[in-house]
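Overview (structure and organization)
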Amino acid sequence: MAEPLVVLVAARDEAGRIGGTVSALRTAFPEAEIVVADDGSHDDTAEQAKRAGATVVGLPRLGKGQALTLAEREAAPGRLLLCDADLGGDLAPLLESDADLAIAAFAQREGGGLGIAKRTARALVRALGGLETREPLSGQRAISPDAREACFPLAPGFGCEVRMTIDAARAGLRVEERELDLRHRA
């Protein structure tokens, strides 16, 4: 029997996208519990997520790391799959990894920017965790129970992914990036 799976979705003001994301996750992972961490949305993100079949943990705007931490506390024990509310594509290959922390690396780059945040994140993971990473900011992650114990509570805000990777590496857990054909809003 497979370990239980909980999918945690970080969302803020995603009413136009969250229903489709939750529906796709429900189809891809029919046995999983889908929990949306609604981080102080001003629109009807929570209602759209509920209509699509998710459990919603509503909270005041705290930031991504805090929202996911509070949702994780409400979730059943077992594996976690984290994803962003605007995601498109198949996350199943992350769950096929035997790594404690499997991180999705997008096959195609989307969006603009100069990559300063990503370069800084890579440098931090290298310096503090001893790992070379391609996508240190990816919010799409499969987390084993051991990694869940080592990484939660998450760092506040959008630094949560970087700190999670560092924490997993420092705990001696296996970290892997997998290239996937995913899409999201830049």
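To be clear, the structure that these remarks concern was listed above.
The notes below deal with the structure included here.

The rules behind the values
Residues numbered from 1 in each chain as written. Predicted model: local features only at pLDDT ≥ 70, side-chain atom pairs only at ≥ 80, totals over all residues. Heavy atoms only, no water. Helix = DSSP H or I, 4+ residues; strand = E, 2+ residues; numbered from the N terminus. Axes fitted to C-alpha atoms, helices over the stretch in contact; angles between N-to-C directions. Parallel < 35°, antiparallel > 145°, perpendicular 65-115°, else oblique. Left-handed = near helix turned anticlockwise from the far one by under 90°. Contact = heavy atoms within 4.5 Å. Salt bridge = Lys/Arg side-chain N within 4 Å of Asp/Glu carboxyl O. Buried < 20%, exposed > 50% of the residue type's maximum accessible area, 1.4 Å probe, protein only. Pairing = 2+ DSSP bridges. Expected span 1.5 Å × (residues − 1). Arc of directions from axis to C-beta.

Looking now at unusual backbone geometry. In this structure, the amide linkage connecting F152 to the following residue, P153, adopts the cis form with an omega of 5°. By the element assignment, P153 lies in the loop between helix 6 (145–151) and helix 7 (160–170). Although it is not a glycine, D13 sits at a positive phi angle of roughly 55°.

Let's shift gears to the packing of helix 5 (residues 116–129) against helix 7. Contact pair helix 5 / helix 7: the axes reach a minimum separation of 9 Å and the direction vectors enclose 20°. Looking at the two axes, helix 5 sits roughly parallel to helix 7. The two elements helix 5 and helix 7 cross, and the hand of that crossing is right-handed. Contacts between helix 5 and helix 7 involve A121, L124, V125, L128 and G129 on the former and, on the latter, V162, T165, I166, A169 and R170.

What follows deals with the pattern of salt bridges. Enumeration over the complete set of coordinates arrives at 13 salt bridges. The salt bridge partner of E72 is R148, with a shortest N-O separation of 2.7 Å. In this pair, E72 sits in helix 3 (residues 64–74) while R148 sits in helix 6, placing the two residues 76 residues apart along the sequence. With respect to burial, E72 and R148 carry one shared label: buried. Of the charged contacts in the structure, one is a salt bridge between R178 and E176, with a shortest N-O distance of 2.9 Å. Looking at E176, the relative accessible area reads 18%, which means it is buried. Within the structure, one salt-bridge network assembled from shared partners comprises D98, R174, E176 and R178.

In this section: the sheet that holds strand 4 (residues 79–84). Read from one edge of the open sheet, seven strands run 3-2-1-4-7-6-8, paired in mixed fashion. Edge strands, defined here as strands with exactly one partner in the open sheet, are strand 3 (55–59) and strand 8 (175–180). Neighbour-to-neighbour, the strand axes of this sheet turn through a mean angle of 20°, independent of strand direction. Relative to strand 8, strand 6 (residues 101–106) is paired through six bridges, and the arrangement is parallel.

Moving on: helix 5. An ideal rise of 1.5 Å per residue puts 20 Å on 14 residues; helix 5 measures up with 19 Å between its terminal C-alpha atoms. Restricting attention to buried positions, one finds in helix 5 the residues A121, V125 and G129. Buried residues of helix 5, viewed axially, fall in a sector of 35°; they line one side. With respect to the buried face of helix 5, the exposed residues turned more than 90 degrees away are I116 and A127. Phi for G130, located one or two positions after helix 5, is positive at around 75°.

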